[in-house]
Amino acid sequence: NQRAGNGAVNVRIANAAKAAGNKRFVYISVASELANGPAKFLLGDYLKGKAEAEAAVISDFGTDNSLIVKPAIIAGGPPGEIRPPGPPGVKPAAVEDVAKAVVA
């Protein structure tokens, strides 16, 4: 279930990080353009889960101590993983570039 995997699991991770005393949290979500566009009909549960996780991060850490990165499509991943193409006209970001951005 995409909602549970991208929502409930990430909500628990944010809550656990807060309980462990972490002061800051970085969460990689999905671009608002995708969440509010036609993709919502195909990826509704995935996008709802991402929104729930974003809300938990803000609730646990506030806007001053959290960073929510919202790339459009992330290209790359584990060997053998199949990812669907993104919407027409949306340029994917390389997974390595997203990783570098969040640790900078």
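S.K.: I'd like a rundown of the nonpolar core, residues and numbers included.
M.R.: It is characteristic of soluble globular proteins that their nonpolar side chains tend to be buried jointly. Counting seven residues, the largest nonpolar core consists of A14, A17, F25, Y27, A53, V57 and F61. Among the secondary structure elements, those contributing two or more residues to this core are helix 1 (2–19), strand 1 (25–28) and helix 4 (44–61). Per-element accounting of this core gives the leading share, three residues, to helix 4. In this view, Y27 contacts N6, N10, K50, A53, E54, V57, L67, I68 and V69; residues no more than four positions away in its chain are not counted.

S.K.: How would you explain helix 1 if you had to name every residue and give the values?
M.R.: Between its terminal C-alpha atoms helix 1 stretches 25 Å, which fits the 26 Å expected from 18 residues at 1.5 Å a residue. Those residues of helix 1 not exposed but buried are N6, G7, N10, A14 and A17. Buried-residue contacts for helix 1 involve strand 1 and helix 4. Just beyond helix 1, the residue with positive phi is G21, at close to 95 degrees.

S.K.: Which residues make up the packing of aromatic side chains, and what are the values?
M.R.: All chains considered together, the criterion is met by one aromatic pair. Here F25 and F61 contribute two aromatic rings whose centre-to-centre distance is 5.3 Å and whose plane-to-plane angle is 25 degrees, an arrangement assigned as stacked. Within this pair, whereas F25 is found in strand 1, its partner F61 is found in helix 4, the two being separated by 36 residues in sequence. A relative accessible area of 5% places F61 in the buried class. We note K18 situated over the ring of F61; from NZ or CZ to the ring centre the distance is 5.6 Å.

S.K.: An account of the pattern of salt bridges is requested, with residue identities and associated values reported.
M.R.: This model, assessed by the stated rule, comprises two salt bridges. Salt-bridge contacts for E52 lead to R3; the nearest nitrogen and oxygen are separated by 2.4 Å. On the criterion of sequence distance, the pair formed by E52 in helix 4 and R3 in helix 1 is long-range, its members being 49 residues apart. Classification of E52 as partly exposed rests on a relative accessible area of 29%. Notably, a salt bridge pairs E54 with K70, separated by 3.5 Å at the nearest N-O pair.

S.K.: Please give an account of the side chain of N10 that cites residues and values.
M.R.: Its place among the elements puts N10 in helix 1. Residues in contact with N10, not counting those within four places in the same chain, are G5, Y27 and A53.

The rules behind each value
- Residues numbered from 1 in each chain as written.
- Predicted model: local features only at pLDDT ≥ 70, side-chain atom pairs only at ≥ 80, totals over all residues.
- Heavy atoms only, no water.
- Core = buried A, V, L, I, M, F, W, Y, C linked by side-chain atoms within 4.5 Å.
- Buried < 20%, exposed > 50% of the residue type's maximum accessible area, 1.4 Å probe, protein only.
- Helix = DSSP H or I, 4+ residues; strand = E, 2+ residues; numbered from the N terminus.
- Contact = heavy atoms within 4.5 Å.
- Expected span 1.5 Å × (residues − 1).
- Phe/Tyr/Trp six-rings, centres within 6.5 Å; stacked < 30°, edge-to-face > 60°.
- Lys NZ or Arg CZ within 6 Å of the ring centre and 35° of its normal.
- Salt bridge = Lys/Arg side-chain N within 4 Å of Asp/Glu carboxyl O.

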